[in-house]
Amino acid sequence: MVVEPEHAPVNGRERPQRPQPQPTHREVADELRARIRSGRLRPGQRMPTQAQLAEEFGVERGTVRQALRTLQSERLLTNVSKGSPATVAPDLYGPQAGPEARPMPTTVALASRIAAAFAAEHVEVDALCLTSVSLTLALGEPLRQIHAGRLKPAKIDVRVLLPSSDIDLAFPVAVSGGAAVGPVHERWLAMRNAQGQVLQHNLLGLRATHGIDVRVSFRALPFTPPVKLYVLNGSEALFAYYTLSRREQEIDHEPLEMYDAEGIRSTLFAFDQGGGLRDGVFVKQSRLWFDALWGTISSELVLTG
């Protein structure tokens, strides 16, 4: 019989195994925060007791209590005390779809909706945007959950429509025009390519690490999109306007006045297939519009130069 090295006897005794370090209160808080933001723990739902959480994470109750207080300070939990289980805070933004849905900034809304979409066995994400910065940031949460074993999709299909590098963009553009258009365009192009490459690399890496069937495709549009659109699993559409502003940006160590839009701050409107007639029609038309652009006037996009 072969004895494993870590259990090999020393002087006739079993070698003691190294104790595993206990999670910190920050790590416990990170896990619970992810469950709340992904919808696994719903607004108004009672949390497990501190004793149950301590047993689950293998920590002392004091560690759990610190984690819960951290989430309470972030207004994600209420009723954190020694005597009773905490409660997930009420949904401050109301319903996420339907006529009563409250629009939210992209930085607030997109990550949670993308994470919820990744709970499906076959994940489909269609995106039309200027640089894919918001999408790349939003994918961070479901990727963390996949690596932690909390999400296990079997297949992921992502299609992204971005402006072509061969067109004169409507924005971002230098206020003065002329020779200054070159640096502004080059800066946008570098960001478009870099964000797309990061998105592609992070998703395709799931093939090797988790055996997930992943496909990521990009196509180029012959125009500057005035809006951004995300269609998730064919059943949800998230829509936002790019609102232009005049601002100063340093390019090549020189200040430059330009017209640009901050997509991550755009207000996102959510529509769900099951949110009533208005929502259902909007989702359907968004899918048709995206498919039409993808299959007609868009062209192959290579994320270089």
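All of the points below concern the structure found in this document. As the structure is a prediction and not an experimental result, all values here were calculated from the model. (Residues numbered from 1 in each chain as written. Predicted model: local features only at pLDDT ≥ 70, side-chain atom pairs only at ≥ 80, totals over all residues. Heavy atoms only, no water.)

### Observations concerning the packing of aromatic side chains
Put simply, the rule reads: Two rings belonging to Phe, Tyr or Trp (six-membered ring only in the last case) form a pair when the distance between their centres is within 6.5 Å. Interplanar angles under 30 degrees mark stacking, angles over 60 mark edge-to-face geometry, and anything in between is tilted. Secondary structure counts use DSSP, requiring at least four H or I residues in a row for a helix and at least two E residues in a row for a strand, with both numbered from the N terminus. Think of it in three bands: with a 1.4 Å probe and only protein chains considered, a residue is buried below 20% of the maximum accessible area for its type, exposed above 50%, and partly exposed in between. Criterion for a charge above a ring: Arg CZ or Lys NZ at most 6 Å from the ring centre, at most 35 degrees from the ring normal.
Under the definition given, this model contains five aromatic pairs. Residues F290 and W294 carry aromatic rings whose centres are separated by 5.9 Å and whose planes lie at 20° to one another, so their mutual orientation is stacked. Of the two residues, F290 and W294 both sit in helix α8 (residues 277-295), four residues apart, roughly one turn of that helix. When its relative accessible area of 17% is taken as the criterion, W294 is described as buried. Following the ring pairs from residue to residue traces out a cluster consisting of F239, Y241, F271 and F282. Above the ring of W294, the side-chain terminus of R159 is found at 5.1 Å from the ring centroid.

### Notes on helix α3 (residues 61-73)
Our working rule: Expected span, for any helix, means 1.5 Å times one less than how many residues it has.
Here α3 is 13 residues long and its end C-alpha atoms lie 18 Å apart, about the 18 Å a rise of 1.5 Å per residue gives. Phi turns positive one or two residues past the end of α3, at R75, with a value near 65°.

### Details of the sheet that holds strand β15 (residues 299-300)
Threshold: Strand pairing requires that DSSP identify at least two bridges connecting the strands.
Strands sit in the order β5-β14-β11-β10-β6-β7-β9-β15 across an open sheet of eight strands; the sheet is mixed. Only two strands of the sheet have a single partner each, and these edge strands are β5 (104-105) and β15.

### Here we look at the pairing of strand β11 (residues 236-241)
Among the six residues in β11, five count as buried, and that is most of the element. With six bridges joining them, strand β10 (residues 227-232) and β11 adopt antiparallel strand pairing. Residue pairing for β11: L232 is matched across the bridge by E236. Counting the residues in the hairpin turn of β10 and β11 gives three residues, including N233, whose phi is positive at 55°. In this sheet, strand β14 (residues 267-272) lies alongside β11 in antiparallel orientation, the contact comprising four bridges. By the bridge assignment, F239 is partnered in β14 with F269.

### Re unusual backbone geometry
What is expected of a backbone is that most residues other than glycine have negative phi and most peptide bonds are trans. Geometrically, the link from F171 to P172 is a cis peptide bond, its omega value of 0° lying close to zero. Mapped onto the elements, P172 comes out in the loop between β7 (155-163) and β8 (173-174). You will see that S132, though not glycine, has its phi angle at about 70°, which is positive. Its location among the elements puts S132 in the loop between β6 (122-128) and α5 (133-138). Phi is positive for N233, which is not a glycine, with a value near 55°. Structurally, N233 can be placed in the loop between β10 and β11. The class for N233 is partly exposed, based on a relative accessible area of 23%.

Everything listed here is a matter of geometry and, on its own, says nothing about what the molecule does.
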